[in-house]
Amino acid sequence: MMNFRIGHGYDVHVLKEGLRLVLGGVEIPHSKGFVAHSDGDVAIHALCDALLGAAALGDIGKLFPDTAAEFEGIDSKILLRRVVALLAEKGYRIGNVDCTIRAQRPKLRPYIDQMRETLAATMGIDADCVSVKATTTEWLGFEGREEGVSVSAVALIYKE
């Protein structure tokens, strides 16, 4: 019998003029980007937390603290690869993941497939096991005011 586990992750970062916007491992042209210790990729951060939560291994703040110089400006794909390796050490494989990005602008539809492919390659799974969706908040809340972006993620992991 397989041992299935589900985890949920959530992350948010502030947007500021003149910084890079990286989501799902893809740099997206925009006038604003994330204020963060790393590259600020909220999609990958939420995904890492979902995977770690499913395995009851803590969160990215515990593994990759924003007070550590080694993680300053780091590409979040590196963090995701480390999380996947940690899961593998514990005998877990990834079944599927699902992310929902909440951002008023820019429109993300043109980048969704590239995000799925990038995330899948980074985790070593098929792209059909990776779902990425984007929505606006109809101008409501901090996302609607373009002050930040939030992402929720769910992950299914298993041991055979």
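Please refer to the structure placed before this passage.
Note that the structure is a prediction, hence the values are computed from the model and not measured. (Residues numbered from 1 in each chain as written. Predicted model: local features only at pLDDT ≥ 70, side-chain atom pairs only at ≥ 80, totals over all residues. Heavy atoms only, no water.)

Details of the overall build of the chain
Point 1. Broken down by element type, the chain carries 5 helices and 7 strands.
Point 2. Here the C-alpha radius of gyration of the chain, 15 Å, is about what a compact globule of 160 residues would show, namely 15 Å.
Point 3. For the C-alpha atoms alone, the extent of the chain along its principal axes is close to 50 × 35 × 25 Å.
Point 4. Within the chain, buried positions represent 50% of all 160 residues.
Point 5. Restricting to contacts in the chain with at least 6 residues of sequence separation, those with at least 24 account for 70%.
Point 6. Averaging the coordinates of the 18 positive side-chain charges in the chain and doing the same for the 22 negative ones gives two points 2 Å apart. (Helix = DSSP H or I, 4+ residues; strand = E, 2+ residues; numbered from the N terminus. Rg over C-alpha atoms; globule rule 2.2 N^0.38 Å. Buried < 20%, exposed > 50% of the residue type's maximum accessible area, 1.4 Å probe, protein only. Contact = heavy atoms within 4.5 Å. Lys, Arg positive; Asp, Glu negative; His and termini not counted. Charge placed at Lys NZ, Arg CZ, Asp CG, Glu CD.)

A few points about the environment of N96
Point 1. The residue N96 is located in strand β5 (residues 93-102) in this model.
Point 2. In this structure the C-alpha to C-alpha distance between N96 and I157, which are 61 residues apart in sequence, comes to 7.3 Å.
Point 3. Every residue in contact with N96, bar those within four places of it in the chain, is listed here: C129, V154, A155 and L156.

Concerning the pairing of strand β6 (residues 130-135)
Point 1. By the bridge criterion, 6 bridges tie β5 to β6 in an arrangement that is parallel. Of the residues in β6, the one forming a bridge with I101 is A134.
Point 2. Following the backbone out of β5, through helix α4 (residues 112-123) and into the adjacent parallel β6, one traces a crossover that is right-handed. (Pairing = 2+ DSSP bridges. Right-handed = clockwise from strand over helix to strand, strands pointing away.)

So, a nonpolar patch on the surface
Point 1. Together, V14, L19 and V35 line one region of the surface with nonpolar side chains, adding up to about 220 Å² of accessible area.
Point 2. Mapped onto the elements, V14 comes out in strand β1 (residues 3-17). (Patch = residues over 30% accessible without salt bridge, like charges linked within 9 Å, V, L, I, M, F, W, Y side chains within 5 Å. Areas by Shrake-Rupley, 256 points an atom, 1.4 Å probe, with all protein chains shown as cover. Salt bridge = Lys/Arg side-chain N within 4 Å of Asp/Glu carboxyl O.)

Concerning the nonpolar core
Point 1. Ranked by size, the top nonpolar core spans 49 residues in total, and within it L23, L51, I101 and M123 carry the most contacts.
Point 2. Elements supplying a minimum of two residues to this core: α1 (42-54), α3 (76-89), β5, α4, β6 and β7 (148-159).
Point 3. Per-element tally for this core: the top contributor is α1, with 10 residues. (Core = buried A, V, L, I, M, F, W, Y, C linked by side-chain atoms within 4.5 Å.)

Brief notes about the pairing of β7
Point 1. With 9 of 12 residues buried, β7 is to be regarded as a mostly interior element.
Point 2. In this sheet, β7 lies alongside β1 in antiparallel orientation, the contact comprising 12 bridges. Of the residues in β7, the one forming a bridge with R5 is I157.

Focus: the side chain of T118
Point 1. By the secondary structure assignment, T118 is in helix α4.
Point 2. The class for T118 is buried, based on a relative accessible area of 18%.
Point 3. With sequence-adjacent residues up to four places away left out, T118 is seen in contact with G24, G25, V26 and K77.

Some thoughts on the pattern of salt bridges
Point 1. Tallying each qualifying case throughout the model produces 7 salt bridges.
Point 2. Across the pair R109 and D113 runs a salt bridge whose closest N-O atoms are separated by 3.5 Å.

With respect to the sheet that holds β7
Point 1. Taken in spatial order, the 5 strands line up as β4-β1-β7-β5-β6 in an open sheet, and their pairing is mixed. The strands lining the two open edges of the sheet, one partner per strand, are β4 (32-34) and β6. Taken over all neighbouring pairs, the strand axes of this sheet differ in orientation by 20 degrees on average, direction set aside.
Point 2. Across 3 bridges, β1 lies against β4 in antiparallel orientation. Opposite E17, over in β4, you have K32 as the bridge partner.
Point 3. Sheet strands touched by α1: β1, β4, β5 and β7. Its angle to β1, the strand with the most contacts, is close to 155 degrees.
Point 4. On top of the sheet, α4 reaches β5 and β6; it is set at about 145 degrees to β6, its chief contact. (Axes fitted to C-alpha atoms, helices over the stretch in contact; angles between N-to-C directions.)

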